[in-house]
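Single-letter residue listing:
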Amino acid sequence: MASTTPSKNTNAFFLQAGVSFAVALLTMIFAIFYLPVDPWIRAFLGLGTMFLTTSSFTLAKCVRDAQEDSYVVSRIDQARVDKILAEHDPFKSVS
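Residues numbered from 1 in each chain as written. Predicted model: local features only at pLDDT ≥ 70, side-chain atom pairs only at ≥ 80, totals over all residues. Heavy atoms only, no water.

The chain carries the name YiaAB two helix domain-containing protein in an unreviewed UniProt entry, which gives Nocardioides eburneiflavus as its organism.

1. Observations concerning the overall build of the chain
Helices and strands together make up the secondary structure of the chain, namely 2 helices and 0 strands. For the chain, whose C-alpha radius of gyration is 25 Å, the value lies well above the compact-globule estimate of 12 Å for 95 residues. Summarising its shape, the C-alpha atoms of the chain cover approximately 85 × 30 × 10 Å along the three principal directions. A total accessible area of about 8700 Å² is found for the chain, and carbon and sulfur atoms account for 70% of it. Considering the chain, the positive charge centre built from 8 side chains and the negative charge centre built from 8 side chains are found 3 Å apart. (Helix = DSSP H or I, 4+ residues; strand = E, 2+ residues; numbered from the N terminus. Rg over C-alpha atoms; globule rule 2.2 N^0.38 Å. Areas by Shrake-Rupley, 256 points an atom, 1.4 Å probe, with all protein chains shown as cover. Lys, Arg positive; Asp, Glu negative; His and termini not counted. Charge placed at Lys NZ, Arg CZ, Asp CG, Glu CD.)

2. Let's talk about the environment of Phe 33
Mapped onto the elements, Phe 33 comes out in helix H1 (residues 11-34). Taking relative accessible area as the criterion, Phe 33 reaches 56% and is therefore assigned exposed. Distance from Phe 33 to Leu 45, taken between C-alpha atoms, is 9.7 Å for residues 12 residues apart in sequence. (Buried < 20%, exposed > 50% of the residue type's maximum accessible area, 1.4 Å probe, protein only.)

3. Some thoughts on the side chain of Thr 49
You can see Thr 49 is positioned in helix H2 (residues 39-87). Within polar-contact distance, the side chain of Thr 49 engages the backbone oxygen of Leu 45 at 2.9 Å. Contacts of Thr 49, omitting those with residues within four sequence positions, involve Leu 25, Met 28 and Ile 32. (Polar contact = N/O pair within 3.5 Å; in protein donor to acceptor, adjacent residues only side chain to side chain. Contact = heavy atoms within 4.5 Å.)

4. So, the packing of aromatic side chains
Under the defined criterion, the tally for this structure stands at 3 aromatic pairs. Arranged with centres 5.2 Å apart and planes meeting at 70°, the rings of Phe 21 and Phe 57 form a pair that is edge-to-face. Residue Phe 21 is found in helix H1, and its partner Phe 57 is found in helix H2; the two are separated by 36 residues along the sequence. With a centroid separation of 4.7 Å and an interplanar angle of 55°, the aromatic rings of Phe 30 and Tyr 34 are classed as tilted. Of the two residues, Phe 30 and Tyr 34 are both situated in helix H1; the distance of 4 residues between them amounts to about one turn of the helix. (Phe/Tyr/Trp six-rings, centres within 6.5 Å; stacked < 30°, edge-to-face > 60°.)

Laid out in C-alpha cells, this is it:
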C-alpha cells in the first residue's frame, strides 16, 4: 500500500515568499517614514504594521501546526489499517 507524503514547497517558492514579504514590509516602513503627517500618526501606523506582521507570522505557524497534526493523525490511522489488513486471513473460517 502506497503512503502519501505531504507536498513540499520548492526553494524557488520559499525564496519568492520571503522576497515578497520583505518588499512589502520595507515599502510599508518607507511609506510610513516619508508620509507627510504628524509623528503620532506615523507611530500609530508603525505599530499597526508591526502588529500585522507579527500576527501574520502567528497565523502562518498555527496553520502549519494544524496541517502537521492532521498529517500525523492520518499516518497513524493508515498504520492501523495496514496492520489490520496484514493480520487478516481471508481463508480463515468464521466460527
